[in-house]
Amino acid sequence: MAGSRLHRAAFGVAVTGAYGLILAPVLAVIVISVFAQEIVSFPPSGITLAWYANAWERREFARGFLTSLQLALGATAIGVPLGTAAALALSRARLGRFRGGLNTLLLGPLAVPGVVAGTALYLFYVRAEFWIDDDIKGTLPGLVAAHVLLTIPWTVRLVLASLQGLDRAAEEAAANLGARPFTVFRRITLPMLRPGVVAACLFSFIQSFENLELTLLLVGPGRTTLPVAMLNYLEFRVDPTLAAVATVQIALVGALMLITDRFVSLSRVV
Amino acid sequence: MGTLTLDGLCRRYATTTAVERVDLEVAEGEFVALLGPSGCGKTTTLRMVAGFVAPSSGRILIAGRDVTHAPPHGRDTGMVFQSYALFPHMTVGENVAFGLEMRKVARAERDARVREVLRLARLDGLGDRLPRQLSGGQQQRVALARALVVNPAVFLLDEPLSNLDAKLRAEVRIEIRALQQRLGLTTLFVTHDQEEALTMADRLVVMERGRVRQIGTAEALYERPADAFVAGFIGRCNLLRGTPEAPGQFRTASGALLPCLPQPARPGDILALRPERIALRAAGDGLPARLAAVTYLGAQTEYHLDLAGTRLVAVAPTPAEGDARRGLAPGDAVLAHWDPAEARLLPAEPGDLLDDQA
């Protein structure tokens, strides 16, 4: 009995410790965002919302937020359908010995460090701009194209997992009842994959919205994402304004996850 | 409703043959069961009829139309899957209406037909539920209703009872059979359960390793099996290896001489004898045997006989209290008697399991 109680206590400590480790930075950011003094020190000299007001007044954050939002929505809207199609091909097409290579290729962006991929894309964009005689760096389409790369590995993984649990007999039943292949896909396959696709949208959006490394070299004057704007700000000043911006970001992502979880149980998909 | 014809149907894979030359005629309104152990090709045959597996050669005709190369959605079959394969994101009503929707049946008629078939399947009032809110038996009836509502030319059932518990299975068996007869459905049914096949089907097709071993009514298969495999697969049977000596005499591998049906040509060298056709006597005609074991099974008692080294199983209704045979015990001497017409000589193929190999 004593042993089991000891075990339970140890387990409780471990769980609390793990959660603490995960949540500590998040909580720290939120707390710091209301500290009154400019240089962060403890205890705070007072509590204020002034940093939120400051963040709101600095146009680079508002514009960065807008760019990041457009970018994340665009990359998700393009990347999730592409990734879903790729997952379908991976699980169903007769790919033979190409399957392994294709799988690795599609998951590749996860394995390449963001800065390296960003540099490669930068060099590619410079060359491509020369060919088409138009801007790609620092434009929204250029950024969206880059961020689609971030969304594909997540989508492929999540949709593949959903496909593995899918009862193919349901598709056969639909065909047996007279549905043509595209109707089967639209009416049966896609709705049955919904949890995976919804989760893929969520993760794609977050990946794109928070990405810094890949984006760093691809932004241009007047086209800066929120994470890059935060980094730029950091080069000149260190004050809790950044914590305020980060808190807003955390709230947005958290809200997104909560809303998504209402439609599909994330813990079952991921 | 229509007829179904399989003409020399084959399915070969790179290294194996799943189905080899299946010829079958299913008459309009007839219920035919494909029966065999797992891997015998029965499911592949059914899936070829539905259009999910392309035949390597041979033809499939539904209501006289050659559908060998038609896609599944153009075949007019109604299939019930082993897993039921209900659409989890649609209500019961939407599931059942799906086939009518695909056939572009007008809204009002669709609703009426869905209501009618739900009533037929005893699912009234459940039209707005989702499949996961139903019991296994109800889900099974939704799958039946969904396949039936479109009036398919051929009704296909792929082990539809295997996910139900034993009591429900016996009920649904009777229900499906009654429905099939009332609606005159041409039906092809796949099962590995011989009791299911015997109780439901007009005719049975016994398959083994891709080939049809025998086609016939339950009685024909039981009384006149074509070979040792069918004899052993349908019901219980003593199957003894040996050689026919004189007409009506069979010498078992272990040396006993047993009376059998005198058959003109030499049909085979396996003696098949049903356990319940062997009578045990104290005196009179019969072969002397020693009881090796007696197993009381309630209504029946099983007697393991030793005839000079040849093992036979006999089954008889358990004798009443006071009957001398009630006291039979291992070691007792008895006389085993059977009508020679009950002991048939059958051919066997390598791999067919015989009693004396066990």
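In this convention, every chain numbers its residues from 1, walking through the sequence in written order. Numbering of ligands from 1 and lettering of chains from A proceed in the order in which they are written. Predicted model: local features are reported for residues with pLDDT of at least 70 only, side-chain atom pairs are reported and counted for 80 or more only, and whole-chain, interface and lining totals are derived from all residues.

An unreviewed UniProt entry annotates chain A as ABC transporter, permease protein 2 (Cluster 1, maltose/g3p/polyamine/iron) of uncultured Craurococcus sp. UniProt positions are given in the numbering used here, feature names are shortened, and annotations may be inferred rather than shown by experiment. In its Sequence similarities (unreviewed entry) section, UniProt records this for chain A: "Belongs to the binding-protein-dependent transport system permease family."

Draft legend 1. Spatial organisation of the sheet that holds strand β7 (residues 154-158) of chain B. All names here are of chain B. In this description, strands pair whenever DSSP reports at least two bridges between them. To qualify as a helix, a DSSP run of H or I must reach at least 4 residues; to qualify as a strand, a run of E must reach at least 2; elements of each kind are numbered from the N terminus. Read across the open sheet, the six strands follow the order β6-β7-β8-β3-β9-β10; overall the sheet is mixed. The open sheet has two edge strands with one neighbour each: β6 (77-80) and β10 (211-216). The mean inter-strand angle of the sheet, taken between neighbouring strand axes irrespective of direction, is 20°. Inspection of the sheet shows strand β3 (residues 31-35) paired to strand β9 (residues 203-208) by four bridges, in the parallel sense. Residue pairing in the sheet places alanine 33 in a bridge with leucine 204 of β9. Strand contacts of helix α4 (residues 136-148): β6 and β7, with the helix running at about 175° to β6, the strand carrying the most contacts. Interaxial angles span 0 to 180 degrees and are taken between N-to-C directions of axes, which are lines fitted to C-alpha atoms, for helices over the stretch in contact. The contact criterion used is a C-beta to C-beta distance within 7 Å, with each C-beta placed from the backbone.

Draft legend 2. Molecular detail of the UniProt feature "transmembrane region" (unreviewed entry) in chain A. Residue and element names in this part refer to chain A. In the numbering adopted here, UniProt assigns the feature "transmembrane region" (unreviewed entry) to residues 12-36, 69-90, 102-125, 140-160 and 240-259. In residues 102-125, helix accounts for 92% and strand for 0%; the two terminal C-alpha atoms are 24 Å from one another. Between the C-alpha atoms that bound residues 140-160 the distance is 29 Å, and the span itself is 100% helix and 0% strand.

Draft legend 3. Focus on the pairing of β7(B). All names here are of chain B. Of all five residues making up β7, five are buried, and the element is well covered by its neighbours. Whether a residue is buried, exposed or partly exposed follows from its count of other C-beta atoms within 10 Å of its own C-beta, namely 20 or more, 12 or fewer, or something in between, respectively; the C-beta atoms are built from the backbone. Here β7 shows a buried face lined by Val154, Leu156 and Asp158 and a second buried face lined by Phe155 and Leu157. Inspection of the sheet shows β7 paired to strand β8 (residues 187-191) by four bridges, in the parallel sense. Considered in β8, the bridge of leucine 157 is made with phenylalanine 189. If you view a crossover with the strands going away from you and the path from the first strand over the helix to the second runs clockwise, you call it right-handed. A crossover links β7 with its parallel partner β8, the connecting element being helix α5 (residues 166-183), and its sense is right-handed.

Draft legend 4. Highlighting the domain arrangement of chain B. Residue ranges assigned to the domains are those given by an automatic or database domain assignment. The domain boundaries assigned to chain B delineate domain 1 (4-223) and domain 2 (237-357). Centre-to-centre, using C-alpha coordinates, domain 1 of chain B lies 40 Å away from domain 2 of chain B.

Draft legend 5. How the structure looks around the interface of chain B and chain A. The interface of chain B with chain A comprises 17 residues on the first partner and 15 residues on the second. Of all the elements in the fold, those that place two or more residues in the side of chain B that touches chain A are β6 and α2 (92-102) of chain B. Broken down by element, the residue count for the side of chain B that touches chain A peaks at three residues, all from α2(B). A class-by-class count of the residues in the side of chain B that touches chain A yields 11 nonpolar, five polar and one charged. Ten residues, namely Ala, Val, Leu, Ile, Met, Phe, Trp, Tyr, Cys and Pro, are considered nonpolar, four, namely Asp, Glu, Lys and Arg, are considered charged, and the remaining ones, Gly among them, are considered polar.

Draft legend 6. The sheet that holds strand β17 (residues 300-307) of chain B, seen in detail. Residue and element names in this part refer to chain B. Pairing is antiparallel in the open sheet, where five strands are placed in the order β15-β19-β16-β17-β18. Each having just a single partner strand, β15 (279-281) and β18 (310-317) make up the two edges of the open sheet. Averaged over all pairs of adjacent strands, the angle between their axes in this sheet comes to 45°, without regard to strand direction. Sheet topology places strand β16 (residues 287-296) next to strand β19 (residues 333-337); four bridges connect them, and they run antiparallel. The partner of alanine 289 across the bridge, within β19, is valine 334.

Draft legend 7. Structural detail: the nonpolar core. By size, the foremost hydrophobic cluster in this structure holds 147 residues, and its most contacted members are Ala33(B), Ala145(B), Leu188(B), Phe189(B) and Leu271(B). With 12 residues, the top contributor of residues to this core is helix α8 (residues 181-210) of chain A. Sequence-distant contacts of Ala33(B), defined by excluding residues within four places in its chain, comprise Phe189(B), Thr191(B), Ala197(B), Met200(B), Ala201(B), Leu204(B) and Val205(B). Joining buried Ala, Val, Leu, Ile, Met, Phe, Trp, Tyr and Cys residues through C-beta atoms within 7 Å gives a set, and that set is a nonpolar core.

Draft legend 8. Representation of unusual backbone geometry in the model. Residue and element names in this part refer to chain B. Positive phi is not limited to glycine here, since alanine 85 has a value of about 55°. Positionally, alanine 85 belongs in the loop between β6 and α2. The exposure class assigned to alanine 85 is buried, which follows from the 25 C-beta atoms found within 10 Å. Even without glycine at this site, arginine 209 takes up a positive phi of about 45°. Counting through the fold element by element, arginine 209 comes out in the loop between β9 and β10.

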